[in-house]
Amino acid sequence: MHSETLFSIYMYLKQSSFIVLLCYSARTLGHFSVDAQGVSQPANPLTSNFGCWSDFVANYTLCTKGDFLKISICLAVLFTFNFLWRMMDARMFDLDGKLMPGPRSNLSGKNFLSVIKKARKSKQVSLAVLDMINTVGDGNLCCGKVYGKNIVIAAHPESVKVILQGNHNKFPKDPKYARFQFLFGQGLVTSSGDKWKQDRHLMNLGFYSENLKGMVSVFNLHCTQLLQSWVSRLSQNPITGFQSLKSDLTREMSNLTLAIICQSAFGYKLSSYVDVKESSTFDDMNVLMDELNQRIVDPFDWWPYIFPKRRSQVRKALENWMSLLEDIISQRMEAPNDEPAKDLLDIILRVGKDQKTHLSQREVRDHCLTFLVAGHETTSGTLSWVFYELSRNPAVLELCHKEIDANWCFCKSNNELTVSHEDIAKCIYLGQVIKETMRLHPTVPVISRRNKEECQLGQYRLPGNTVLSISVLALQRHPSFWEEPELFKPERFAPEAIKNTLKHPFQFVPFSSGPRNCIGQRFAQMEMIVILARILSEFTIVGIDPEDERNIRFEETITYHPNNLKVNFRTRTRVD
Ligand code: HEM
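K.L.:
An account of the environment of Phe112 is needed here, citing residue identities and associated values.
P.N.:
Mapped onto the secondary structure, Phe112 falls in helix α4 (residues 112-122). Linking Phe112 and Ile151, residues 39 residues apart in sequence, is a C-alpha distance of 8.7 Å. Phe112 has contacts with Gly144, Val146 and Ile151, leaving out every residue within four places of it along the chain.

Written out as structure tokens, the structure is:
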């Protein structure tokens, strides 16, 4: 049964119980009296001959069963109509009574409920939202009511500015983020108020440029392992003379970025390419990601959780990751810290000590798990989109190779090409390709907040407690701010074009913006450039087989990414 249906039944039962309660009160308060012939009469103290309230109270009697039934039926019909009307009515008015652009009815056509339904079936919410903004909305806003709750979806940079730049206490995250607490605990994604502010201040230090420099060697190390595994899988094409392979990029990028974040965040060395035993650690992470995704698309997050098999799977996966993290953290907390900091965990523990900000082991664990989850699927999803776009745009791929070849000065240590921190700055075109990918396919396509108090959004004065969602996808394809928004054009972000491209500071926010922007933005940008440069220096993309192309699923769960993406690569040097 769909959860909207369940929700409707729940609402209906709630209303019905209210009716029963009302009837019961009517009955017991005896707003009916019985006359001398035993016929029930309305006992209105104003019209009846009861002189005063005490007379009325003294003379009332219970209504007959028939009357009670009639009143109950009338009230039930009334409330059913009221309920259906509320269900049907999707219009939202601002505090000045202005009708806001959006769906009129929840029963047919495009509305928020149909989008939720679509999300559950096809897992493609953002494209449906984009369509709604442009058809039933006014291209900038789409507002409506679902079960009486006000929802605003914004796609105009000015509205985005109000929502993201606002004070974090006045525009807290939407309560639905609490669904992720089973995994993130009180980490940065789910915490709020003073706790978030204090922790964010501490964590910011871990992501300083100086500290990130040390992580570049970790990015390279894992790229080397990936490329070695690719080389071992190569087979020669007798016609072209090139050696080639097919990569399941969705899985390989996910494993690669998970391995990178594990080592950069808390020094745990995972390598899916050399050790099969570790597959259970990856499997556990997949179970947790599935659960997280399930909770995103299903408002009844407890519903799948009541099945014992699923619950025990999730609990086991969570316990495995938690105990792994707790072991690492307790060892670090006890160890003397006279060596240079190796990873984010070291930095956080040291800064915490220096600043006398005491973080408990549990709090540190929550932060590590948050970095792990927030830092791997977003990055791997973006990389999958990059390779997908490169497979469709050979001219862009060519320019990437050109830039890499021109910078062949990437330091050669141990006979292998590695990308240093300084080299990253030279990869200007690769950076443009990543930015354009994130514009067209933002992996976090929706950012949600709630306004605690009334606020002004353009010409509308919104009531407090409205859900304010930003459709990053619609914003970054807004025709008034982007030329040919549907086309993949990395040259938009060329240094000489950027001023012309970015007309508004809030028209491009793949990492969000304002106080609660992505803390890992710089980390992710560096990591993606290194991975792209390393792979494209040794391999080029041949394309995607038609059969594989048909099997790609563009899924939107916690992130929006291509799933089941299989791409053919070949080495860049011919073997004759
Ligand atoms: C391409 C990669 C990434 C993208 C597109 C991305 C995007 C985002 C976005 C849009 C938000 C704001 C979410 C919201 O307000 O609802 C966010 C927050 C966050 N991201 Fe990322 N992210 C990426 C990589 C990373 C990495 C590598 C890390 C960690 C190493 C990370 C850690 C976080 C954390 C902790 C937050 C919460 C920040 C706070 O509320 O204070 N992200 N990210």
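K.L.:
Tell me what's going on with the sheet that holds strand β6 (residues 243-248), and back it up with residues and numbers.
P.N.:
Within the open sheet, the 4 strands sit side by side as β5-β6-β16-β13. Their pairing is antiparallel. Two strands close off the open sheet at either side, each with one partner strand: β5 (235-236) and β13 (539-543). Two strands pair when backbone bridges link them, and β6 and strand β16 (residues 566-571) are joined in this way by 5 bridges, in the antiparallel orientation. Opposite Asp248, over in β16, you have Lys566 as the bridge partner.

K.L.:
Summarise the site of the ligand; cite the residues concerned and give the values.
P.N.:
With respect to spatial proximity, 23 residues lie near the ligand, and among them Gly375, Thr378, Ser512, Cys518 and Gly520 are the closest. It is helix α15 (residues 361-392) that provides the largest number of residues to the shell around the ligand, a total of 7 residues. Classifying every residue of the shell around the ligand gives 13 nonpolar, 8 polar and 2 charged.

K.L.:
Explain the packing of helix α13 (residues 308-334) against α15 residue by residue, including any values.
P.N.:
In contact at an axis separation of 10 Å, α13 and α15 are set at 120° when each is read in the N-to-C sense. With respect to each other, α13 and α15 are oriented oblique. Note that α13 runs across α15; the crossing there is right-handed. Residues Trp321, Met322, Leu325, Glu326, Ile329, Ser330 and Met333 of α13 pack against Gln361, Val364, Arg365, Cys368 and Leu369 of α15. Its residues assigned to classes, the contact of α13 with α15 shows 8 nonpolar, 2 polar and 2 charged.

K.L.:
I'd like to hear about helix α21 (residues 521-538), residue by residue, with values.
P.N.:
The end-to-end C-alpha separation of α21 is 27 Å, in line with the 26 Å expected for 18 residues at 1.5 Å each. Within α21, 14 of the 18 residues are buried, which leaves it mostly tucked inside the rest of the structure.

K.L.:
Which residues make up the environment of Cys368, and what values go with them?
P.N.:
Residue placement: Cys368 occurs in helix α15. We classify Cys368 as buried; it has 27 C-beta atoms within 10 Å. C-alpha of Cys368 to C-alpha of Ile329: the two residues are 39 residues apart in sequence and 9.4 Å apart in space. Residues contacting Cys368, with those up to four places away along its chain left out, are Ala265, Phe266, Leu325 and Leu345.

Thresholds, definitions, all that
Residues numbered from 1 in each chain as written. Predicted model: local features only at pLDDT ≥ 70, side-chain atom pairs only at ≥ 80, totals over all residues. Helix = DSSP H or I, 4+ residues; strand = E, 2+ residues; numbered from the N terminus. Contact = placed C-beta atoms within 7 Å. Pairing = 2+ DSSP bridges. Near = placed C-beta within 6 Å. Nonpolar A, V, L, I, M, F, W, Y, C, P; charged D, E, K, R; others polar. Axes fitted to C-alpha atoms, helices over the stretch in contact; angles between N-to-C directions. Parallel < 35°, antiparallel > 145°, perpendicular 65-115°, else oblique. Left-handed = near helix turned anticlockwise from the far one by under 90°. Expected span 1.5 Å × (residues − 1). Buried ≥ 20, exposed ≤ 12 C-beta atoms within 10 Å, placed from the backbone.

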